Structure formats: C-alpha cells, structure tokens
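Residues per chain are reported as follows:
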Amino acid sequence: MFDYRKVRSLFPSLPVDAERGLVYLDNTATTQTVGSVIKAVEEGYLHFKANVHRGVHSLSQEATARMEETRRSIRKYINAASEEEIIFTSGATESINLVASSLGRLIPEGSEIILTVMEHHANIVPWQLLQEWKDVKIRVVGINDRGELDLEQYKSLFNSSTAIAAFCHVSNVLGTVNPVKEMVRIAKDRGVYTLIDGAQGPGHVPVDVSEIGCDFYAFSAHKMYGPTGVGVLYGRHELLEKMPPYQGGGEMIKSVSFEKTTFAELPFKFEAGTPNFVDLAAYKDAVDFLESDDFAGAEEYELSLLHQATEGLRREVPGLRIFGEADHKSAILSFLIGDAHPYDVGMLLDGLGIAVRTGHHCAQPLMDSLGIPGTVRAGFACYNTPEEVDRFVKAVVRVSKILRQ
C-alpha cells in the first residue's frame, strides 16, 4: 500500500504556501524537491565546492566522485549499457538540441525527420533550426480523438529519406503514454535513428532504455523531484562516438593547439565547461528516492488521483471538456470549461488556492490541431493527496458556477 502521507513528509516545501494551504498541481511543469536533495545541495555548497575533474587536491576529487556517482546511479536507473552513455546537460531541452545539432551534421541533405503533433516545442524547434542550414524535411504524425498517436500513419511516413524519428514518451498535455518500444522497433527495422523526449517519463512511468531500444533518451531532473538546471541525454555508445561535439571549450578536450584540437573520451566529449556539479551530485538523492521502497507503487497511486479527479469533474462540472483519454496515460488532466478561456479559469483557481498550469503548454501545434487556444492542466505527483483532489474538484465546480453567472 503506497503511503502518501509518509512520502509527503519527505518534501519540506509542502504545503508550498502554508498560509493559503496551496494545493500544488503544476507537477507536469516542475515537481517539488525531495528533502534529501535540498540537504545534499546545501552540503555541496558548504563542504564540497571545488571544480571537478581537473583538480589534484582532495576537495576537487571528492566533488568529482560525488558527481560521477550520480552518473552511475542514472545509468542503473534507466538501464543503460555504460556510464559513457550518460551525458549531463542542463535539461531535456539542451539534450534534444545536442542531438539535433550534432547528429544533424551527420545525416545527408534531403533527409526527412518524423515528429508527432503532440510534441513539446523543445522537440520541434531544434529540428526547425536544423532546417535553417540543411535541406531536411519535417513530417508529422497525427492523433485520434482519444489523443493517441496514429500508428498506421506513423508507419506510412517512413521512406528511403527518413533519417530520424523523434517523439515524446508521455505527452505533457494529453498525458498519453506512447508505445515507444513499438515505435522504436518500427524505426529500427527501417534503419532510422530514434530520439525520445522523456521529460514526462522518469518519476512517473518505468524507463528502461535497453528494453525500449532507442538511440537517444532525454530528460530533466526538476521533473523528477530533483534540482533545477540539470538534465541527462542517454545516447547509444557507437552513435555518440561518431557524433561531433555540440559545444567547444574546457573539459571536452584531450589536447589543444592553434593547428588542431583532439577531443576527450565519452562522456566528457559532450560536456564542455564547468558543469553544475553541486546540483548534479545532489541529483543522485532524487534517483535514490525514486528507487526506494517509499516510492514503490507511486505510479498506480498517481493514476488513482487522476481517476478521482476525472470522475469528480465529469460528475460535477457542466460543459467540461477533457483532452486526452487514451487507454494508457500518465496522471495529467487537461480540460476546459465550456468556452471559458483557460487563463480565466486558472486565475480563479489560484484565488481558491489551487495551482494549475494554463495555456498552450509549449505545444501550440497540438492546440491548433485540437482547435483550442490552450487548456487548464492539473498534473498529479506522488505527494498529492485524495483530500487535495477533493479541494481541486470543489474549486473547479465553484469556478464553473462563477463563470455561468
């Protein structure tokens, strides 16, 4: 039995706003931080702040050891083949940009890239930037009325020019959990590289990159109870070896002269400059939490909160429209109340102590395909409670009555 009360006690920021008793349901944008991570960040700045990898003194060596321990933990958590396949970045956005920029140099002119209509801008714009300097074409997979990808259309878009298929693991708007293993298999059978935007994956759904079989998987720490400004790119070793560096500078070199530079071995080849080593070291504590007995059963618990909220809103709110009703989805609930603008709903909910996200959620092409300006989005996390869901439903009911006056 998942003990949400015990888990909640591990997050010192909850409630986020004690005076108002704010119900925090903006977890899809960023989660609150588990207390062990906060403590590790404080310890890092107080006792272990020295630049990593380059120092012979003990403080530098300790800082290095702590950061590299996180790399080992991440490798184990996502079941990558080696630590050299774990590249540290500032977040999923940089991870995707790294692949678009670096792998983008290797694909031939005239290549095609398959995306989906449900992608976050972070998995659209980098490929459009690639189009600015290379002759590549983007092709887009649509969705059905339930918010599920059209797999037949996905298959039909592959041809001899297809070089890359890039798609999200979980839609940040619809909550749809895509059949990524099947999508990767389809691409691999055709010799096409695959990148998965996993920003909404770790911490909510199981992630095993070896089982999925993808070439790249990108994610961020701040969406999995960890620090901000930290992310990961998993990349298949043989591909990372072929790819040119994404950025140049210190740390990623073996030797430099004005005539020639040779680059460091993986993973440091893609980690130019001083890394965010304090937060990277603390990131391990977030991974430890996700692998602890306390977290076991969290996915099912979050889905129970989603079901509670969905059924409550359907029962109590006239004119409710829910977007994303896939059979397999994560604990994300996007909705509108009649023709009310999502910003108006969100502001009224905030006045009632409910924190949700409103707008297009960096997914404007998806909103255009749905014919709406945006949605109200509630994202549930392991520390949310059934009582908070009740407050949320009652608040939406109250807002709907205000809007009908």
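Structural data are supplied above this passage.
Residues numbered from 1 in each chain as written. Predicted model: local features only at pLDDT ≥ 70, side-chain atom pairs only at ≥ 80, totals over all residues. Heavy atoms only, no water.

Trainee: Provide a residue-level description of the pattern of salt bridges, including the pertinent values.
Mentor: Under the defined criterion, the tally for this structure stands at 20 salt bridges. Glu68 is paired through a salt bridge with Arg71; the nearest N and O atoms lie 2.7 Å apart. Taken together, the residues Glu68 and Arg71, both in helix H3 (residues 58-78) and three residues apart, mark about one turn of the helix. Taking the relative accessible area as the measure of exposure, Glu68 reaches 13% and is therefore buried. Lys76 serves as the salt-bridge partner of Glu291, at 3.6 Å between the closest nitrogen and oxygen. A residue pair is termed long-range when its members are at least 10 positions apart, and Glu291 in the loop between helix H10 (277-290) and helix H11 (298-316) and Lys76 in helix H3 qualify at 215 residues. Take Glu291: its relative accessible area is 37%, and that puts it in the partly exposed class. (Salt bridge = Lys/Arg side-chain N within 4 Å of Asp/Glu carboxyl O. Helix = DSSP H or I, 4+ residues; strand = E, 2+ residues; numbered from the N terminus. Buried < 20%, exposed > 50% of the residue type's maximum accessible area, 1.4 Å probe, protein only.)

Trainee: Any details on the side chain of Asp197? Residues and values, ideally.
Mentor: Considering the arrangement of structural elements, one finds Asp197 in strand S6 (residues 193-197). Look at Asp197: it is buried, it has no salt bridge, and the nearest opposite charge is Lys223 at 8.3 Å. A polar contact of 3.1 Å, which involves the side chain of Asp197, links it to the backbone nitrogen of Ala199. The residues touching Asp197, leaving out its near neighbours within four places in the chain, are Ala92, Ile96, His120, Asn123, Phe167, Cys168, His169 and Ala218. (Lys, Arg positive; Asp, Glu negative; His and termini not counted. Polar contact = N/O pair within 3.5 Å; in protein donor to acceptor, adjacent residues only side chain to side chain. Contact = heavy atoms within 4.5 Å.)

Trainee: How would you summarise the environment of Thr28 if you had to cite specific residues and measurements?
Mentor: Along the chain, Thr28 falls in the loop between strand S1 (23-24) and helix H2 (35-47). Placed 66 residues apart in sequence, Thr28 and Glu94 show a C-alpha to C-alpha distance of 18 Å. Once residues within four sequence positions are removed from consideration, Thr28 is found in contact with Asn172, Gln200, Lys223, Ile332, Arg377 and Gly379.

Trainee: Could you give an account of the packing of aromatic side chains, naming the residues involved and the relevant values?
Mentor: A full pass over the atoms with the stated rule returns 14 aromatic pairs. Summarising the aromatic geometry, the rings of Tyr4 and Tyr301 are spaced 5.4 Å apart at their centres and angled 15° between planes, so their arrangement reads as stacked. On the criterion of sequence distance, the pair formed by Tyr4 in helix H1 (residues 4-9) and Tyr301 in helix H11 is long-range, its members being 297 residues apart. Just as Tyr4 is buried, Tyr301 falls in that class too. Between Tyr225 and Tyr383, the ring centres sit 5.8 Å apart and the planes meet at 75°, which makes this aromatic pair edge-to-face. Taken together, the positions of Tyr225 in the loop between strand S7 (216-220) and strand S8 (231-235) and Tyr383 in the loop between strand S15 (375-379) and helix H14 (386-404) put the pair 158 residues apart, joining distant regions of the chain. Take Tyr225 and Tyr383: they sit in the same class, and that class is buried. Put simply, the rings of Phe11, Tyr225, Phe289, Phe295 and Tyr383 touch in pairs and so form one group of aromatic residues. For the cation-ring pair, Arg66 lies above Phe48, with the distance from its terminal atom to the ring centre recorded as 3.5 Å. The lysine or arginine in question, Arg190, covers the ring of Phe158, its NZ or CZ lying 5.4 Å from the ring centre. (Phe/Tyr/Trp six-rings, centres within 6.5 Å; stacked < 30°, edge-to-face > 60°. Lys NZ or Arg CZ within 6 Å of the ring centre and 35° of its normal.)

Trainee: Which residues make up helix H12 (residues 342-351), and what are the values?
Mentor: Those residues of H12 not exposed but buried are Pro342, Val345, Gly346 and Leu349. With its buried residues spanning 95° around the axis, H12 presents them on a single face. Turned more than 90 degrees off the buried face of H12, the exposed positions are Met347 and Gly351. Residues of H12 that are buried sit in contact with strand S12 (332-337), strand S13 (354-355), strand S14 (357-359), S15 and H14. (Arc of directions from axis to C-beta.)

Trainee: Help me get a handle on the sheet that holds S12, residues and values and all.
Mentor: Spatial strand order, S11-S12-S15-S14: four strands in an open sheet with antiparallel pairing. Single-partner strands in this sheet number two, and they are strand S11 (320-323) and S14. Going from strand to strand, the sheet's axes swing by 30° on average, the running direction of each strand aside. Contacting S11 and S12, H11 crosses the sheet at an angle of about 15° to S12. Against the sheet, H12 touches S12, S14 and S15, its axis set at about 160° to S14. (Pairing = 2+ DSSP bridges. Axes fitted to C-alpha atoms, helices over the stretch in contact; angles between N-to-C directions.)

Trainee: Account for the state of the cysteines, naming residues and giving values.
Mentor: For the structure on display, the rule yields zero disulfides. Looking at Cys362, it has no disulfide partner, and the nearest cysteine sulfur is the one in Cys168, 13 Å off. A relative accessible area of 32% places Cys362 in the partly exposed class. (Disulfide = S-S within 2.5 Å.)

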